[in-house]
Amino acid sequence: VMPGSEDSWQLQLLGAILFGWIQALPLLHLMHDCSHGAFSHKPWAWDYFGKFTMDLYAGASMTAWHLQHVVGHHVWTNGFGADPDLPPAKQGDPRYLVKLQEHSSMYQYQHIYLPIAYSSLGLKVRISDLTHAWGPSPMAGPMRIRKHTAEWKAKWILIKTMWVMWRIVFPIVVLGMSLQWYFTLFIVSDMITGWYLAFNFQVSHISTLADYPFGAADRKQDVCEDEWAVSQIKTSVDYSHDSPMMTWMCGALNYQTVHHLFPGISQYHYPAIAPVLQEVAK
């Protein structure tokens, strides 16, 4: 189907929706394993394939993801004020997730506006990449990180330019797509990616079945009452262990407890590990 054909808009729209899903899957599989050093035993493979999928393919930053997800979230899972995936303060965040947050009247509508907000995850990540790389005081959630070197920034500019060329310039200049139609399809595909990733991430931790260290009004906010491994089990939610299709669709995030205890093991081994872990955890 040629992009310039007016008769093909339905197929192009369907293709944009499909691409949104296809854009998310390598991030849940290859990129996620690479960020934890679970793909191959060679560090160069983690860096190359991780940046290929995250930076070049999706237009985000593997480095920013590593700092927020691996250094922050996996160490302080569901820890209010420490986990970068949770609201950073008691007030001002559009999400009401932990009991220590001050309640606001807008939260009664979060079941309406949060699904819409989740669709902008791709845009949010790319904006945070800019502040992460070029901000005067780079942050990864509540964590302050050191400034990047000139060499790292030069590589960042190069790979961002390559992403812009294949993802934006090529369809408009070479394939002859109009700006209006191109960005319509771009937004549609990015919204699908955002929804797919956000919902898969959220269901594993944002749940009434999960614990929130530091997040309850009757606890000391700066003390975790459990040792690290126990806390990882309490803050993670598993589901659909009997469904290989679900495991593939969500990048084995349905084995979240196994992943948080053994992040350096590839997700494709989780189904074999889970029964052993369940027996030990009893």
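Values in this document were obtained by computation on a predicted structure and should not be read as measured data.

Draft legend 1. Representation of the packing of aromatic side chains. A full pass over the atoms with the stated rule returns 12 aromatic pairs. Centre to centre, the rings of Phe19 and Tyr57 are 6.1 Å apart; their planes meet at 65°, and the pair counts as edge-to-face. Linking Phe19 in helix α1 (residues 9–35) with Tyr57 in helix α2 (residues 43–57), this pair joins segments that are 38 residues apart in sequence. Here Phe19 falls in the partly exposed class, since its relative accessible area comes to 22%. Each ring, one from Tyr96 and one from Tyr107, has its centre 5.2 Å from the other, and the planes form 35°; the classification is tilted. Taken as a pair, Tyr96 in the loop between α3 (62–73) and α4 (110–118) and Tyr107 in the loop between α3 and α4 lie far apart in primary sequence, 11 residues in all.

Draft legend 2. Spatial organisation of the packing of α1 against helix α7 (residues 179–202). Here α1 crosses α7 at 40°, and the two axes come no closer than 8 Å. Seen along the crossing, α1 lies across α7 with a hand that is right-handed. Each residue belonging to the contact of α1 with α7 can be placed in one class, and the counts come to 17 nonpolar, six polar and one charged.

Draft legend 3. Spatial organisation of the nonpolar core. Within the largest apolar cluster, 16 residues are counted, with the highest numbers of intra-cluster contacts made by Leu27, Leu28, Met31, Met54, Met62, Tyr196 and Leu197. Broken down by element, this core gets its largest block of residues, six residues, from α1. Residue contacts for Leu28: discarding those within four places in its chain leaves Tyr196, Leu197, Asn200, Phe201, Met249, Cys250, Gly251, Leu253 and Gln267.

Draft legend 4. Representation of the environment of Gln180 within the structure. Following the sequence through the fold, Gln180 ends up in helix α7. A C-alpha to C-alpha distance of 47 Å links Gln180 and Ile233, two positions 53 residues apart in sequence.

The rules behind these values
- Residues numbered from 1 in each chain as written.
- Predicted model: local features only at pLDDT ≥ 70, side-chain atom pairs only at ≥ 80, totals over all residues.
- Heavy atoms only, no water.
- Phe/Tyr/Trp six-rings, centres within 6.5 Å; stacked < 30°, edge-to-face > 60°.
- Helix = DSSP H or I, 4+ residues; strand = E, 2+ residues; numbered from the N terminus.
- Buried < 20%, exposed > 50% of the residue type's maximum accessible area, 1.4 Å probe, protein only.
- Axes fitted to C-alpha atoms, helices over the stretch in contact; angles between N-to-C directions.
- Left-handed = near helix turned anticlockwise from the far one by under 90°.
- Nonpolar A, V, L, I, M, F, W, Y, C, P; charged D, E, K, R; others polar.
- Core = buried A, V, L, I, M, F, W, Y, C linked by side-chain atoms within 4.5 Å.
- Contact = heavy atoms within 4.5 Å.

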